[in-house]
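Here is how the chains run, residue by residue.
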Amino acid sequence: MSPLQKPGEKPCKPGEYIERGPRGGQVSKPRQVTIEPGDNPLPPTQEGGRTWERIGPPKP
């Protein structure tokens, strides 16, 4: 499992990120974003207290 990151933080690595609950659990209708090299910071989540988890490399 990748480390969870808060909105507004600089991403650890480029890739696909999915929105997770405050303790890393799944959320209903999660937002998914692609972070490219040089992008920062991570965008806001749909609700306060949620985090981002990297789920893989950027999709082509």
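Before going into details, it helps to say that this report is about the structure given with it. Not measured: the values here are computed from a predicted model.

**Digging into the environment of Thr 45**
Now for step 1: As for its placement among the helices and strands, Thr 45 is situated in the loop between strand E3 (32-35) and strand E4 (51-56).
Now for step 2: Separated by 37 residues in sequence, Thr 45 and Gly 8 have C-alpha atoms that sit 9.7 Å apart.
Now for step 3: Setting aside residues up to four positions removed in sequence, Thr 45 forms contacts with Pro 7, Glu 19, Arg 50, Thr 51 and Trp 52.
Now for step 4: At 2.8 Å, the side chain of Thr 45 forms a polar contact with the backbone oxygen of Glu 47.

**Topic: the pattern of salt bridges**
Now for step 1: The tally for this structure, following the rule as stated, stands at three salt bridges.
Now for step 2: Of the charged contacts in the structure, one is a salt bridge between Glu 53 and Arg 20, with a shortest N-O distance of 2.7 Å. Residue Glu 53 is located in strand E4, and its partner Arg 20 is located in strand E2 (residues 15-20); the two are separated by 33 residues in the primary sequence.
Now for step 3: Within this structure, Glu 19, Glu 47 and Arg 50 form a network of salt bridges that share partners.

**Concerning the pairing of E2**
Now for step 1: In terms of residue burial, E2 counts as a mostly covered element, since six of its six residues are buried.
Now for step 2: In the sheet, E2 pairs with E3 via four bridges, with the strands oriented antiparallel. By the bridge assignment for E3, Glu 16 is matched with Thr 34.
Now for step 3: By the bridge criterion, five bridges tie E2 to E4 in an arrangement that is antiparallel. Among the inter-strand pairings, Tyr 17 is bridged to a residue of E4, identified as Arg 54.

Parameters and conventions
Residues numbered from 1 in each chain as written. Predicted model: local features only at pLDDT ≥ 70, side-chain atom pairs only at ≥ 80, totals over all residues. Heavy atoms only, no water. Helix = DSSP H or I, 4+ residues; strand = E, 2+ residues; numbered from the N terminus. Contact = heavy atoms within 4.5 Å. Polar contact = N/O pair within 3.5 Å; in protein donor to acceptor, adjacent residues only side chain to side chain. Salt bridge = Lys/Arg side-chain N within 4 Å of Asp/Glu carboxyl O. Buried < 20%, exposed > 50% of the residue type's maximum accessible area, 1.4 Å probe, protein only. Pairing = 2+ DSSP bridges.

The values are spatial; any link to function lies outside them.
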